[in-house]
Amino acid sequence: MKNVLFVLQDLPWYYYRAIETISCLYRVTIVVTKKDKDAPYSFTVSSDISVYNVDLDGIKKVQQLYHALNPELVVLGSWSGSLFRQIARTAKKDRKIVIIGMDNPWMGQLKQYLMCLLSPIILKRLFTHIWVPSISQYEYARRLGYPRNNIIYGLYSGDDKLYKIQEHEYVSKERVILFVGRLLDWKGILALHQAFVQLSDDKEHSWKLVIIGNGPMKEQLKAHEKINFISFSPPEMVASYMKKSAVFCLPSWHEHFGVVVHEAAMAGCALLLSDGVHAGDEYLVDGYNGVLFASRNNMSLQKALSTLMFSQTMEEVIEMGKRSQILSMRNSPEMWASRLAKLLD
């Protein structure tokens, strides 16, 4: 059985779920550079997968593990830090398949142009392939000099077994706008809160805003009779809320991708996304399964929110959610695993 090694900064549930799908085909080992050694993740790991938690300065330990495994393929979660670069350099020298996962979208920034110039002597000496989640990152990978055959699509996937809604569950959809994420300023949560409160003050309605997450912005989000606050919740609970909510909103100023969008699409939510959320490139068609609005533009957000709350019937919003579920089938943990397996055939 071939060995596959993952060296990651963290191990979120959705990424573990994708990795788990290949554990029956390959011997999988994961190295996680988590600082919190007492609680690196909150789910049970399969006995078929070996997980090691190391400090960022644990290069020697990871090198020893690499040589003991002699993996055919190595996936790295970052190109920053000596640990990641050293493992990549060693594996590339050994003529292994070395993949870097990259969710940085092409923004046309000066530092990105500089990286494109330096790519032949930095990135291409370390990594044979780049794995990207959407078209924005694909463009960056091409500019970095990687040919199409060395760019893998679909880096991130939600867990379809957990989030995918069944047809009979649409009848349980409620007039709920759902937000799931950390309560940080750049997540746009304050603007969403203010827009919903303003619309509620201006016009009577039966919608509710449900906010799931923790963070420093929570103190600025005032209580309201139509707003429910729920602390950070496990995936199973989030999936349950998504399947009952008609609309999912992510108003981030900038979001490299946003796997939560894929999860909400799987759960049959109409999507209300800012144009700073790059998961929208894959899962939102403006006017078809939701509404796109300008990031960091409160009036644009309020107008988009008003469209779904007042200009669409509940039946029309649910139909949008059904279209989201169809679009969500562009990726899944099984497709993710197939892309990886193709490189090892």
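The rules behind each value
- Residues numbered from 1 in each chain as written.
- Predicted model: local features only at pLDDT ≥ 70, side-chain atom pairs only at ≥ 80, totals over all residues.
- Heavy atoms only, no water.
- Helix = DSSP H or I, 4+ residues; strand = E, 2+ residues; numbered from the N terminus.
- Buried < 20%, exposed > 50% of the residue type's maximum accessible area, 1.4 Å probe, protein only.
- Contact = heavy atoms within 4.5 Å.
- Pairing = 2+ DSSP bridges.
- Axes fitted to C-alpha atoms, helices over the stretch in contact; angles between N-to-C directions.
- Parallel < 35°, antiparallel > 145°, perpendicular 65-115°, else oblique.
- Left-handed = near helix turned anticlockwise from the far one by under 90°.

## Points about the environment of Pro133
With respect to the secondary-structure elements, Pro133 resides in the loop between β6 (129-131) and α5 (135-143). By relative accessible area, which is 3% here, Pro133 ends up buried. Along the primary structure Pro133 and Ile49 are separated by 84 residues, whereas in three dimensions their C-alpha atoms are 24 Å apart. The residues touching Pro133, leaving out its near neighbours within four places in the chain, are Met102, Asp103, Tyr153, Gly154, Leu155, Tyr156, Phe257 and Glu282.

## So, the sheet that holds strand β7 (residues 151-152)
Spatial strand order, β3-β2-β1-β4-β5-β6-β7: 7 strands in an open sheet with parallel pairing. Bordering the open sheet on either side are β3 (49-53) and β7, each of which pairs with just one other strand. As paired strands, strand β4 (residues 73-76) and strand β5 (residues 97-101) are joined by 4 bridges and run parallel to one another. When the bridges of β5 are listed, Leu76 appears paired with Ile100.

## Observations regarding the pairing of strand β8 (residues 174-180)
Burial analysis of β8 places 5 of its 7 residues in the buried class, which makes it a mostly covered element. The pairing of β8 with strand β9 (residues 208-212) spans 5 bridges and is parallel. Across the sheet, the residue bridging to Leu178 is Val210, located in β9.

## Describing the packing of helix α9 (residues 259-266) against helix α12 (residues 314-328)
At a minimum axis distance of 7 Å, the contact between α9 and α12 shows a crossing angle of 120°. The pairing of α9 with α12 is recorded here as oblique in orientation. At the point where α9 passes α12, the crossing takes the left-handed sense. Only Ser324, Gln325 and Ser328 of α12 make contact with α9, whose side of the interface consists of His262, Ala265 and Met266.

## Remarks on α9
For α9, the tally of buried residues reaches 8 of 8 residues, placing the bulk of the element in the interior. Of all the residues in α9, the buried ones are Val259, Val260, Val261, His262, Glu263, Ala264, Ala265 and Met266. Looking one or two residues past α9, Gly268 carries a phi angle of roughly 75°, positive in sign.

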